[in-house]
Amino acid sequence: MGQNERVPTLLLIEDDDAIRTALELSLTRQGHRVATAATGEDGLKLLREQRPDLIVLDVMLPGIDGFEVCRRIRRTDQLPIILLTARSDDIDVVVGLESGADDYVVKPIQGRVLDARIRAVLRRGDRESTDAASFGSLVIDRAAMTVTKNGEDLQLTPTELRLLLELSRRPGQALSRQQLLRLVWEHDYLGDSRLVDACVQRLRAKVEDVPSSPTLIRTVRGVGYRLDTPQ
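Residue positions are given per chain, counted from 1 along the sequence in the order it is written. Local features are withheld for residues below a pLDDT of 70 in this predicted model, meaning they are given only at 70 or higher, and side-chain atom pairs are given and counted only at 80 or more; totals for whole chains, interfaces and linings count all residues. Think of the side-chain values as coming from all heavy atoms in the structure, minus any hydrogens and water.

**Student:** Please explain the overall build of the chain as it appears in this structure.
**Tutor:** Secondary structure elements are defined from DSSP: runs of H or I of at least 4 residues count as helices, runs of E of at least 2 residues count as strands, and each element is numbered from the N terminus. What the chain contains, in helices and strands, is eight helices and twelve strands. For the chain, whose C-alpha radius of gyration is 18 Å, the value lies close to the compact-globule estimate of 17 Å for 231 residues. By its C-alpha atoms, the chain is 55 × 40 × 30 Å across when sized along the principal axes. Across the 231 residues of the chain, 51% fall into the buried class. Taking as baseline every contact in the chain between residues at least 6 positions apart, the subset at least 24 positions apart corresponds to 57%. Computed with a 1.4 Å probe, the accessible areas rest on the Shrake-Rupley method; for each residue, only the protein chains presented here act as cover. Here the chain has roughly 11,300 Å² of accessible surface; of this, 47% comes from carbon and sulfur atoms. His residues and chain termini do not enter the charge count, which takes Lys and Arg as positive and Asp and Glu as negative. Here the site of a charge means NZ on Lys, CZ on Arg, CG on Asp, or CD on Glu. One way to put it: in the chain the 33 positive side-chain charges average out to a point 3 Å from where the 36 negative ones average out. Every radius of gyration here is taken over C-alpha atoms, with the globule rule written as 2.2 Å times N^0.38, N being the number of residues. Accessible area is worked out with a 1.4 Å probe on protein chains only. A residue is then buried under 20% of its type maximum, exposed over 50%, and partly exposed in between. Contacts between residues were defined by any pair of non-hydrogen atoms, one from each residue, lying within 4.5 Å.

**Student:** Even after reading the chapter, I still don't get unusual backbone geometry, so can you show me in this structure?
**Tutor:** Generally, phi is negative for residues other than glycine and the peptide bonds are trans, each holding for most cases. Backbone torsion omega between lysine 107 and proline 108 reads -5 degrees, so that peptide bond is classified as cis. Even without a glycine there, the phi angle at asparagine 150 is positive, about 55 degrees. Relative to the helices and strands, asparagine 150 resides in the loop between β8 (146-149) and β9 (152-153). Phi at glutamate 186 takes a positive value of approximately 60 degrees, unusual for a residue other than glycine. By the element assignment, glutamate 186 lies in the loop between α7 (177-185) and α8 (193-207). Taking relative accessible area as the criterion, glutamate 186 reaches 42% and is therefore assigned partly exposed.

**Student:** I would appreciate a short explanation of the pattern of salt bridges in the present structure.
**Tutor:** Opposite charge on two side chains makes pairing possible when the charged atoms of those side chains draw close. Salt-bridge detection follows one rule: a side-chain nitrogen of Lys or Arg within 4 Å of a carboxyl oxygen of Asp or Glu. On inspection of all chains with the given rule, the structure shows 19 salt bridges. In this structure, the salt-bridge partner of arginine 123 is glutamate 186, at a minimum N-O distance of 2.5 Å. Highlighted residues: arginine 123 in helix α5 (residues 111-123) and glutamate 186 in the loop between α7 and α8, separated in sequence by 63 residues. Assessed through its relative accessible area of 36%, arginine 123 is described here as partly exposed. Here the residues in one salt-bridge network are Glu68, Arg71, Arg72 and Arg75, joined through shared partners.

**Student:** Help me understand the pairing of strand β3 (residues 54-58) in this model?
**Tutor:** Strand residues, when the strand is regular, have side chains that alternate between the two faces of the sheet. Counting buried positions along β3 gives five out of five residues, so the element sits mostly inside the fold. Covered by surrounding structure in β3 are Leu54, Val56 and Asp58 together with Ile55 and Leu57, the residues of both alternating faces. Two elements, strand β1 (residues 9-13) and β3, share four bridges in a ladder whose sense is parallel. The residue of β3 that forms the bridge with leucine 12 is valine 56. Here β3 runs beside strand β4 (residues 81-85); their pairing, made up of four bridges, is parallel. When the sheet's bridge partners are listed, isoleucine 55 is paired in β4 with isoleucine 81. Assignment of crossover handedness uses the view with strands pointing away from the viewer, where a clockwise path from the first strand over the helix to the second indicates a right-handed crossover. Between the parallel pair β3 and β4, the chain is carried across by helix α3 (residues 66-76), and the sense of this crossover is right-handed. Two strands pair under a simple rule: DSSP has to find at least two bridges between them.

**Student:** For this particular structure, what's the right way to read α7?
**Tutor:** An α-helical turn contains 3.6 residues, so any two residues separated by three or four positions project in the same direction. For α7, the full list of buried residues reads Leu180, Leu181, Val184 and Trp185. Down the axis of α7, the sector holding all buried residues measures 105 degrees, keeping them to one side. Against the buried residues of α7 lie β5 (103-106), α5, α6 (158-169), β10 (175-176), α8 and β12 (224-227). Backbone geometry just downstream of α7 places glutamate 186 in the positive-phi region, at approximately 60 degrees. Our arc is simply the arc of the directions from the helix axis toward the C-beta atoms.

See below:
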């Protein structure tokens, strides 16, 4: 890490003392600044007091669980969230993603794997080009990394923004879930395609006039998704 590069601040919410300590140590060694909390309530309080760059959130917490913590954060904040789950069951993952999480990691967790996921999410907010694109009332300003609809700013998470940017680079072209996983999440495992589907669902809720009948982000059956310009 260069001398002038800002150290990312993470908020780790994990109730298991051993796991929390091990991850804090590992992530600190990887160059992050880490604040920790053992409960969802304490994590939300710490979030109000500090401004982390990313939240690492355990699903199974005493009191309010990780899903509810994620939902509460998403009501007011678009900070990136990575879920830690003890199981890879579809229902756990899907509920977590629908709650607003950007990614998930299944326990037991290796510190370097979590670090790679964190850095991938943080890179999604990087500026990349200076052109703008319009799709009907939707305007994507790449220089400012903002999206407006009917002149109103849309609050997108870094992952939702990156997904929209990737689709908008190839208007009218179908991108497979595997392509989107690689471009947005930097994953190669097709089993994580539910990340794509859940993010598309959340994005449609923000950019479509009628999310249940999308005219912008269209499903291409058997392939993936494409971004269309409304007629």
